[in-house]
Structure formats: C-alpha cells, structure tokens
Amino acid sequence: MTIETLIWLIPLPPVLAFFLIAVFAFRNRSLSHSLAVGSAVISWAVSMVVFYQAVTTPAFNHHPFVSQINWLPLGQGWFRIGVQVDPLAAVTLFFVAWTILMIFIYSVGYHNYGQPIGEHDRPGLQPHGASVTGADGKVTRVPSVEPMYARFFAFIALFAFGMYALVVTDNLLTLYMAWEIMGLCSYLLIGFWYGKPSARDAAVKAFLTTRVGDMFMLLGLVALYWLTGTLNYRLILSNPGVLEQLSEATSPVLGLSWAGLVGLLIFFGTVGKSAQFPLHVWLPDAMEGPTPVSAMIHAATMVSAGVYLALRFFPLISAGWTPGSALTPTLMVMAAIGAFSALFAASIALAQRDIKRVLAYSTISQLAYMVAALGVGAYVAAAFHLVTHAFFKALLFLGSGSVIHGMEHGVLHTGEHIDPQDMFNMGGLRKKMPVTFWTFLIGGLALSGFPLVTAGFWSKDEILSGALDGGYTVVFVILAFSALLTAFYTARQITLTFLGQPRTGSAEHAHESKPVMTLPLVGLAVFAVAVGWAGIPEDFPILGGLLPNWFEHFVGSMLAGHGEGRLVGHSSLPLIISLIVAPLGLGLGWWVYRAVPAKAADPLQYVLGPVYPLLKNKYYVDELYKWIFIRPAVWLADVFTVQWVDHNVIDGIVDGIGRLGLWLGRVFSRYFDIPVITGTGDMIAFGTRKLGISLKWIQSGRVQQYMILAIAVMVILGGTLYFLLA
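A quick note: this is a predicted structure, and the numbers were derived from the prediction, not measured.

## Regarding empty space enclosed by the protein
Here is step 1: In the structure shown here, the tally under the stated rule is three cavities of 30 Å³ or more.
Here is step 2: Within this model, the largest cavity holds a volume of roughly 50 Å³.
Here is step 3: Elements with a minimum of two residues in the lining of the largest cavity: helix H20 (455–469) and helix H25 (572–593).
Here is step 4: When its residues are assigned to classes, the lining of the largest cavity shows five nonpolar, three polar and two charged.

## As for the packing of helix H4 (residues 87–110) against helix H12 (residues 291–300)
Here is step 1: For the pair H4 and H12, interaxial distance at closest approach is 9 Å and the crossing angle is 175 degrees. With respect to H12, the element H4 is oriented roughly antiparallel. Here H4 contributes Phe95, Val96, Thr99, Ile100, Ile103, Phe104, Tyr106, Ser107 and Tyr110 to the contact with H12, which in turn contributes Thr291, Pro292, Ala295, Met296, Ala299 and Ala300.
Here is step 2: When the residues that make up the contact of H4 with H12 are grouped by side-chain class, the tally is 12 nonpolar, three polar and no charged.

## Comments concerning the packing of aromatic side chains
Here is step 1: Taken as a whole and judged by the stated rule, the model has 42 aromatic pairs.
Here is step 2: Centre to centre, the rings of Phe314 and Tyr379 are 5.4 Å apart; their planes meet at 40 degrees, and the pair counts as tilted. Taken together, the residues Phe314 in helix H14 (residues 314–317) and Tyr379 in helix H17 (residues 379–414) connect sequence positions 65 residues apart.
Here is step 3: By relative accessible area, Phe314 is classed as buried at 0%.
Here is step 4: Note on Tyr379: relative accessible area 1%, which makes it buried.
Here is step 5: Pairing Trp550 with Phe551 gives two aromatic rings, centres 6.2 Å apart and planes at 70 degrees, and the pair type is edge-to-face.
Here is step 6: Given the relative accessible area of 30%, Trp550 is considered partly exposed.
Here is step 7: Through successive ring pairs, a cluster of aromatic residues spans Trp44, Phe51, Phe60, Phe65, Phe94, Trp98, Phe384, Phe391, Phe527, Trp550, Phe551 and Phe554.
Here is step 8: Lying across the ring of Phe207, Arg211 places its NZ or CZ 4.4 Å from the centre.
Here is step 9: Looking at Arg353, its charged tip hangs above the ring of Phe424, at a distance of 4.2 Å from the centre.

## Notes on the domain arrangement of the chain
Here is step 1: Segmentation of the chain into domains returns domain 1 (380–609) and domain 2 (624–709).
Here is step 2: Distance between the C-alpha centres of domain 1 and domain 2: 78 Å.

## Examining unusual backbone geometry
Here is step 1: Residue Pro278 is bonded to the preceding Phe277 through a cis peptide linkage, with omega at 10 degrees.
Here is step 2: For Leu254, which is not glycine, the phi dihedral falls at a positive 55 degrees.
Here is step 3: Counting through the fold element by element, Leu254 comes out in the loop between helix H9 (240–248) and helix H10 (258–273).
Here is step 4: Here Ile542, not a glycine, exhibits a phi torsion of approximately 65 degrees, which is positive.
Here is step 5: For Ile542, the location among the structural elements is in the loop between helix H23 (515–530) and helix H24 (550–556).
Here is step 6: For Ile542, a relative accessible area of 78% gives the class exposed.

## Examining the packing of helix H19 (residues 434–448) against helix H21 (residues 473–498)
Between two packed helices, both the angle of their axes relative to each other and the distance between the axes serve to describe the pair.
Here is step 1: Where H19 meets H21, the closest approach of the two axes is 9 Å, and the angle between their N-to-C directions is 170 degrees. Judged by the angle between their axes, H19 and H21 are roughly antiparallel. On H21, the residues touching Thr436, Phe437, Phe440, Leu441, Gly444, Leu447 and Ser448 of H19 are Thr486, Ala487, Tyr489, Thr490, Gln493, Ile494 and Phe498.
Here is step 2: When the residues that make up the contact of H19 with H21 are grouped by side-chain class, the tally is eight nonpolar, six polar and no charged.

## Regarding a nonpolar patch on the surface
Here is step 1: Among the surface-exposed residues, Met1, Trp8, Leu9, Leu12, Leu16, Leu20, Val23, Phe24 and Ile69 lie close enough to one another that they form a single nonpolar patch of about 880 Å² accessible area.
Here is step 2: For the nonpolar patch, the secondary structure elements donating two or more residues are helix H1 (3–9) and helix H2 (12–23).
Here is step 3: For the nonpolar patch, the element with the most residues is H2, which contributes four residues.
Here is step 4: Inspection of the secondary structure assignment puts Leu12 in helix H2.

## Looking at the pattern of salt bridges
Here is step 1: Within this structure, the stated rule accounts for 12 salt bridges.
Here is step 2: Of the charged contacts, one joins Arg211 and Asp214 as a salt bridge, the two residues approaching to 2.4 Å between their closest N and O atoms. Of this pair, Arg211 and Asp214 both sit in helix H7 (residues 197–228), three residues apart, roughly one helical turn. Per residue, the accessibility class of Arg211 equals that of Asp214, and both read buried.
Here is step 3: With a shortest N-O distance of 2.9 Å, Arg492 and Asp602 are connected by a salt bridge. Here the residue Arg492 occupies a position in helix H21, and Asp602 occupies one in the loop between H25 and helix H26 (603–608), the gap between them amounting to 110 residues.

## Quick look at H20
Here is step 1: When the terminal C-alpha atoms of H20 are compared, their 21 Å separation across 15 residues agrees well with the 21 Å that a helix rising 1.5 Å per residue should span.
Here is step 2: With 14 of its 15 residues buried, H20 lies for the most part within the structure.
Here is step 3: With its phi angle positive at about 90 degrees, Gly471 sits one or two positions after the end of H20.

The rules behind each value
Residues numbered from 1 in each chain as written. Predicted model: local features only at pLDDT ≥ 70, side-chain atom pairs only at ≥ 80, totals over all residues. Heavy atoms only, no water. 1 Å grid on protein atoms, 1.4 Å probe; cavity = no way out; pocket = protein on both sides within 12 Å on 5 of 7 lines; lining within 4 Å. Points joined across faces, edges and corners; volume = space filled by probe spheres on them. Helix = DSSP H or I, 4+ residues; strand = E, 2+ residues; numbered from the N terminus. Nonpolar A, V, L, I, M, F, W, Y, C, P; charged D, E, K, R; others polar. Axes fitted to C-alpha atoms, helices over the stretch in contact; angles between N-to-C directions. Parallel < 35°, antiparallel > 145°, perpendicular 65-115°, else oblique. Contact = heavy atoms within 4.5 Å. Phe/Tyr/Trp six-rings, centres within 6.5 Å; stacked < 30°, edge-to-face > 60°. Buried < 20%, exposed > 50% of the residue type's maximum accessible area, 1.4 Å probe, protein only. Lys NZ or Arg CZ within 6 Å of the ring centre and 35° of its normal. Domains from an automatic or database assignment. Patch = residues over 30% accessible without salt bridge, like charges linked within 9 Å, V, L, I, M, F, W, Y side chains within 5 Å. Areas by Shrake-Rupley, 256 points an atom, 1.4 Å probe, with all protein chains shown as cover. Salt bridge = Lys/Arg side-chain N within 4 Å of Asp/Glu carboxyl O. Expected span 1.5 Å × (residues − 1).

Put into structure tokens, the structure is as follows:
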C-alpha cells in the first residue's frame, strides 16, 4: 500500500465509528467507546507512519505526498480533490493524532464508564450521581455514568474526522467542508447537555459567532477561485507567478492588492475559529460542554484549525512583503489583532474563578501569540507554538477535568451545594490528587513559558525574538507583558487549586481520578516538556547545537521558495525577558494567593480596585454585543417582523384576500348564481313540471285505451308511409 493511499485512509476510521455508533451501538456503552477509541488508535497509527515517512524523505518540501481524484465535472475538465501532506501538514498531523487519542481514552473515565445509572439522571443534563447500598447496608453517593454515553462518542468521532480531513486535504474547498463539519460538531458538543439553558445558549452563541468569520472566509474562497481558476494549494501557494500577479493587481476594496484582500478574508475565518478579538466571545462559553470537548476544541481541533489555515495561506497573506520591509496592510491587521487579543484575554483571565474559564482565556491569549507572530513574519515560531500549545493545553484541560471530577466526588460525599469548578472552593488537592497535580504543574509551567525545561518556553521565546528582531517593538512589549500576566494567573490557578489547605469539605474529600484518566495526563506531560527540544535555536547560549533545530529546518522549508528563509533570529533581549517574566509572574502569583482562607474574596480585588469588576465581567464586551447586536435583532424579530411585517403586512394581505373573496362571493351570488344558475335551473324544473301537467290527461291507467291509441298510431304511420312510398 502506497503512502498516498494511507493518507486517504487517515480520516476514515473516525467517520465510520460515528456511523456505526449512531446506527448500531447507540444502546451499548462498551461497544460505542470501543469503536471510537479503536478508530482513534487506527488513525493515530497511520498518522505516525505518514509522519515518519515525511521526516525521513529527503527534500520533502519539494516532494510532498500528493494524490488527487476527479470529483465534479466542469464545463471543461474536472474539479479535482485530493490529499497532501507537506512539512506543515506532517507536524500538524503529529499533534492532532496524539491529542485526539489521549482525549478519547480520557473520555471513557470522565463519563464514568462502569458506574451505575443515576436514579435522577436525565438525557441532556449532567449526571447527578447514584445511590449505592454497601454490604453493611449503608447508602453512599457515587458518580453515575453519562446518560448519553454513546451519543458523546459518536459526536466526538465526527469531530475528529473533520480535523483529520482538514489537515490532509489539498484544496480550500474540501478544507472548508471539513471546517464546517467541525463547526457543526462544536455546536452539538458545546450544547451536549442541552437541558441546561446556559449550555444551549453557549452552543448557539458559538455557532453564530463562528459563522461570521466563515462568511468572510467563503467570500475569500470564491474570490480566489474567480481569480485563479483553482483552489489547490500547490497551484496557488507554490506558484510564484500566481502570487506575484495577485500581489500586484489592485482590488476594488480600500486599494488593497488582491492577495491582501483575499488573505484578509481568509484570515477573518481564523479570527472566528481561533476566537480572536472581536469574535472571541464564544470560546469561554464553550466551557459549558464536557471537559473532553473543551480539550478537543482548545487543543486538538477547532481553534488549532484556525491558526493552521493562517499558516497554510501565509504565502498568499504575505505576498508582496519581504523581511525587514514595512508590513503589508494584511500583516499589520494580523499583528494588531494578535497583540491586542493576547493582552486582552490574559488580563481577563486574572479575575476568573472557574478553573476552565481561566484556561479558555489563556487559549485566546496563546492563539493570539501565533497570530501576532504570523503578522510580523515569524512563520516558524507561530507553527512551533501551535504544536507546543496543543500538548500543554490539552494537558491542562484534561487536568482541570480530573480536578473537577475529584471535586464532584467530594460534593457527592459531603452534599455541599457549591460550584465544583470554582477554584476558591478548592485548595489542598496536591496531596489528594498527586498525579493530577504534577502533570497539571508541568502544563502550567509550559503555559507560562518556564525557562529551559518546558516546551512553551522555546516556542514563546521564538515569537518574542521574531517580534523584536523584526523591529516591531510595540508588538514585542505587549506580548512580553502578556507573558508576565500569563505566568501570574497560572500560578494563581495552581496555588488556589492544589496548594494550601482545603477550603471546603468537598475539597477535603476529593480523590485521584482513575488510571484511564491519569495515564493520558502523563503522556501529554511528556510532550509538554520534550516537544520543545525539537526547536532549540542553534545560536542559543550553551544549549544551542546540542540538539539539531529540526523543527525550523523542517517546517521552515515550506517558505524556501519564497525567499523568506528563516524568519526569526535569536537575540539576547528576548531571552532575558523570557528568563525574567515567567519566574517573576509565577512567584508573584504564588505570593499573592499562597494563603487565601475559606470564603475569602479574591486578593486581587483589593489591589486592582475598580479595574477588578471590569476584568471579572470581561470588559462588558458580551453586554456591549447584546446591546448592539442582540437587542436590535430581538426587536427586529419581535416588533418589526412579527408585529409590523407579519401582523400588518402579511396578515393584512391574507385578510385582504379573504375579504376580497367574500365580496366576490357575494357579487357572484347576487348577479350570476341567483339569476343565471338558479334561474336556469328553476326554469327547467318549471317547464318540466308544466309539460308533465299538460300530458297527464293521456295517462288514464287503462290498458285498453293504450292499445287503441297504439293501434291508431300504427295505422296512421302505416298509411302515411304507404302514400309516401307509392
């Protein structure tokens, strides 16, 4: 079997698992998760084979794995679709396969497989626990299995199919189809517990918000096909003539080149999918879904797809720009949105109490690092941070799910009415959940960019170097300050959750999760450290050169034909900043939150004063959007559409047609029905009656008279005929 055939097969197992679970296994929990996890294992194994072949193929950027088939007949020829794995797709496939596999395995334990069914559990609502009677007759409360267990694994398998298909496709059209499949899955999984109004609203919010970015992306897709006659990556992005033509031709919008305009439209798809300002509002609310869904969205699929799209089309987005020159308008927009979103989201995370919401805003911030890096031309650094971020963010979300799982067990034991996701209800979990603590600590250190020993340090340092070495000082300062805030809120999260003393009885009775949940944490923790070794700069002091900078050479070869070469260098100032901000932020966060007692207010509330409510309420952006967009939309629906258009116009037209029908009925009745139809019928009836009266004298009822009359008629007719014929 050729390597190209294997690539075609990568997305197939998850979609087959989806159909098999939905049609046959929806009543069998063990079969449903076996199909889903088995499909993830198969796709992972094939992906690793493809990845190995990719990294061992000489000059792989010039000889990627490509295969095409005819799909849609056109006026002349065919629209062809296919698969393509190049250096960017290979590294993306690597982290997608690993994170999806870990999340699938983790989900079996998260949804309490093997536990009893809760007596009060209902489909569409979170499990409430089950009562179990022990051998001693004592009744205890234990976690209960998810009522829609098979449904979850069916949806998450379809989600995985969408991401795999997006990574291996070779054209923008099928990428867009996979893109929308993931949009559908995000809606289904964020609103998985559809009985909760907050989950239902969050699903709708995510679906509608991302559709805004998708609309602009679709416009870019149409424009690109109109301009080039193709949507194939290699025919556009690897063709210097096409890129030069698009960069020199002026579009009718704001004097942008066609390359700049199409690149901007495609980038707006990234803004929606990767939750960048101003379309960031859906991602924090996506925490309403089960925690494995959060990990899928934040690490393995959804938001990673947005940055992957921007990386894939970077040659088009940066067409007409050379390193060292002024940024094009499109790159400037990307750098501005990325830098602003990084600081904006990091500041909001400082005041959040929900353990998953802190991670959600950190995701927005870290994705913004990648967007800003692309905006300043640091292509390799952005791709490197995408890979490292996927591992440590999947680790952190699964770790938070383990924490919540342990807290929910404590809530069932104590019966307390508290929020098990509120960090201020935790504390002291380090001893209760040691595996979760140490793996979460590794993920948190990687997120904060702890120097030298975490993957997040190496990728984040490359981004800072790219910003400063390119001369974009403002972007560098904003990203460096965001890194300080990131380290602070990470230490805040770890300290409140794991250190100190338990602040509630539920935290006191929390316990470690099952191995099916903790083993994926250990595996991801290894990657959160080791994957950074693949990109240590060769000119890094002391450590540089000990290991080859494989990642830069491999992924950087994607731009070899465009003259950019290495887009980031390494200088001492970013290194010094990186070495300072992470330990400083971590130490400061620990010092502020090291001794928070039970039911205490957030210490930061006293430090920030009136700024704290602003951060806690997310700068009131949701309220602003509600006032600008939601309320006018509701008014348009309830007042304009229902009362004016529906009641007055549509109902008026319908009622008018009804009244016209009644009037026409009366007219036809008076002037046609009565005089013509009824009159004619009456005249026929009257004439028939009169004729009957006139002829009734011959109807005597005597047979003799009838025979005499018949004989007379026959004689008369016979005589008449005789004389006529003679």
